[in-house]
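Chain by chain, the residues run as shown.
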Amino acid sequence: MPVDARQATAYRFEPVVVTTARERLAFFAKATGQRDPVYRDLAAANAAGHPDLPIPPSFYFSLELEQPDPFGWLTALGIDLRRVLHGEQSFRYHAMAYAGDTLTLHPRIVDVAVKKGGALELLTKQTAVTRGDELIAEAVSVIVVRHPEAGA
Amino acid sequence: MTAPSRAGLAGAPRAGLEAGAELPPLTLEPISRTTLALFAGASGDHNPIHIDLDVARSAGLDDVFAHGMLSMAYLGRLLTGWVPQQRLRSWRVRFAAVTPVHGRPTCTGRVVSVTDGLATIELAVTLPDGTVTLTGDAVVDLS
């Protein structure tokens, strides 16, 4: 079933408020084989001038998943998670953020494009990350929804 | 366990950095099912297609495959191994091909331009058979 572009761009996401524990960032470092102690050890982070473990550059994507049903918006739009691929991801950074910071994420769908005669749909989701009034980062995800039966 | 190659001080950017300079590449261990399970938990992406063979097969796949964001996290290691993270202004990737379980990614980066103290780095993740799984670029502040 094709995605209703008007419904998608009108979809209202609840802001996600998240505080990341130091231990969680150390776990992320372990899972990604990161051996740089700045990302694992508070003393090393402090010695490098950071007040706590830094949120690593791709972890801004993970922040948005910190909610009870992170893929609920896909379900609400009638999209089968098994048909979804991550097409593109980008980040723009304005300031560093750290373990213990309370960050708020503001996602919205900004574009729906149909490709290959309807066999692929591309949803572009843009998320601003703020700490209080300060813009920390912006993340943009392009989600690919496969409709193989619709292809020419 | 073999130590992965890691950007050290020798690879740190310095004045006079020019287009064509290459970042020290980062070659990973083959991605195990354990790594996928740990990354699912650590990244918060619990999509079962990456960790549950039954679900992968129900979607018509032969096996699970790695999260694209795992490879992007490896590229992040390549970048922050080269410059402190606060110098990273922006980066973007396109996920060009899936990485099968047991795939062994290598992350590479090459400076394509330096303008007004900002270096643009062309990025790629490749598998040993030549498959390019991610392409992208990053902008790094050298000033």
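Before going into details, it helps to say that this report is about the structure given with it. (Residues numbered from 1 in each chain as written. Chains lettered and ligands numbered in written order. Predicted model: local features only at pLDDT ≥ 70, side-chain atom pairs only at ≥ 80, totals over all residues. Heavy atoms only, no water.)

## Some points on the overall build of chain A
Quick reminder of the rule: Secondary structure elements follow DSSP: runs of H or I no shorter than four residues count as helices, runs of E no shorter than two count as strands, and numbering proceeds from the N terminus. A 1.4 Å probe and the Shrake-Rupley method give the accessible areas. Residues count as covered only by the protein chains that appear here. When charges are counted, neither His nor the chain ends are considered; positive counts come from Lys and Arg and negative counts from Asp and Glu. For charged residues, the charge sits on one atom: NZ in Lys, CZ in Arg, CG in Asp, CD in Glu.
Broken down by element type, chain A carries 5 helices and 5 strands. Helices and strands appear in chain A in the N-to-C order α-β-α-α-α-α-β-β-β-β. Oriented by its inertia axes, the alpha-carbon framework of chain A measures out at about 60 × 35 × 25 Å. With an accessible surface of roughly 7,300 Å², chain A has 52% of that area assigned to carbon and sulfur atoms. Seen as two clouds, the 16 positive and the 18 negative side-chain charges of chain A have centres 6 Å apart.

## Considering the overall build of chain B
Keep this limit in mind: For every residue, the accessible area obtained with a 1.4 Å probe (protein chains only) is divided by the maximum for its type, and the residue is called buried under 20%, exposed over 50%, and partly exposed between those limits.
Tallying secondary structure elements over chain B gives 3 helices and 5 strands in all. Going from N to C terminus, chain B has its helices and strands arranged as β-α-α-α-β-β-β-β. Scored against the burial criterion, the 143 residues of chain B give a buried share of 45%. Summing over all exposed atoms, chain B offers an accessible surface of approximately 6,600 Å²; the carbon and sulfur share of this is 54%.

## Focus on helix 2 (residues 22-31) of chain A
Our working rule: Each C-beta atom gives one direction from the helix axis, and the arc is the one those directions make. By definition in these notes, contact holds between two residues if any of their heavy atoms fall within 4.5 Å.
All of the buried residues in helix 2 of chain A are Arg24, Leu25, Phe28, Ala29 and Ala31 of chain A. Buried residues in helix 2 of chain A, looked at end-on, bunch into an arc of 165°, giving them a common side. Away from its buried face by more than 90 degrees, helix 2 of chain A exposes Glu23 and Lys30 of chain A. Buried-residue contacts for helix 2 of chain A involve helix 4 (59-63) of chain A together with helix 1 (33-43) and helix 3 (68-80) of chain B. Downstream of helix 2 of chain A by a residue or two, Gly33 of chain A has a phi angle that is positive, lying close to 70°.

## A few points about the interface of chain B and chain A
One frequently used descriptor of interface size is the decrease in accessible area upon assembly of the parts. Note the following rule: Accessible surface is computed with a 1.4 Å probe, and the buried area is the amount of it that two parts give up when combined, taken over both parts together. Salt bridge, as applied in this entry: a Lys or Arg side-chain nitrogen positioned within 4 Å of an Asp or Glu carboxyl oxygen. Under this definition, polar contacts are N or O atom pairs within 3.5 Å; protein pairs additionally need one hydrogen-donor-capable and one acceptor-capable atom, and for neighbouring residues in sequence, both atoms have to be side-chain atoms. Gly is put with the polar residues, along with every residue not named as nonpolar or charged; the nonpolar set is Ala, Val, Leu, Ile, Met, Phe, Trp, Tyr, Cys and Pro, and the charged set is Asp, Glu, Lys and Arg. Two strands qualify as a pair provided DSSP detects at least 2 bridges between them.
On the chain A side, the residues contacting the 36 residues of chain B number 35 residues. Of all residues in chain B, Ala42, Met69 and Gln85 of chain B give up the largest surface area on contact with chain A, accounting jointly for 20% of the area buried on that side. In this assembly, chain B and chain A are joined by 0 salt bridges. Linking chain B with chain A are 12 residue pairs in polar contact (both at pLDDT 80 or more), by the criterion used here. Looking at the side of chain B that touches chain A, the elements that each hand over two or more residues are helix 1, helix 2 (53-58), helix 3 and strand 2 (88-95) of chain B. Here the residues of the side of chain B that touches chain A are counted per class, giving 18 nonpolar, 12 polar and 6 charged. For strand 2 (residues 84-93) of chain A and strand 2 of chain B, the ladder comprises 5 bridges, and the chain directions are antiparallel. Paired with Phe91 of chain A across the strands is Trp91 of chain B, a residue of strand 2 of chain B.

## Quick word on the pairing of strand 1 (residues 16-19) of chain A
Here is the key point about a regular strand: its side chains alternate between the two faces of the sheet. All names here are of chain A. Here strand 1 shows one buried face, formed by Val16 and Val18, and one open face, formed by Val17 and Thr19. Strand direction decides the pairing type here: strand 1 and strand 3 (residues 102-115), joined by 4 bridges, are antiparallel. When the sheet's bridge partners are listed, Val17 is paired in strand 3 with Thr104.

## What to know about the side chain of Thr130 of chain A
All names here are of chain A. Note on placement: Thr130 falls in strand 4 (residues 120-131). Here the side chain of Thr130 touches His106 through a polar contact of 3.1 Å, side chain to side chain. Contacts of Thr130, omitting those with residues within four sequence positions, involve Thr102, Leu103, Thr104, His106, Leu135 and Ile136.

## Some details on the pattern of salt bridges
A full pass over the atoms with the stated rule returns 11 salt bridges over all chains. Across the pair Arg131 of chain A and Asp101 of chain A runs a salt bridge whose closest N-O atoms are separated by 2.7 Å. Of this pair, Arg131 of chain A sits in strand 4 while Asp101 of chain A sits in the loop between strand 2 and strand 3; the two residues are 30 residues apart in sequence, bridging distant segments of the chain. Classification of Asp101 of chain A by relative accessible area gives buried; the value is 17%. Arg89 of chain B is the salt-bridge partner of Asp141 of chain B, the closest N and O atoms lying 2.7 Å from each other. Taken together, the residues span a long stretch of sequence, with Asp141 of chain B in strand 5 (residues 132-141) and Arg89 of chain B in strand 2 at a distance of 52 residues. Residue Asp141 of chain B is classed as buried on the basis of its relative accessible area, which comes to 13%. Ionic contacts of the salt-bridge type, sharing partners, join the residues Asp101, Arg131 and Glu134 of chain A into one network.

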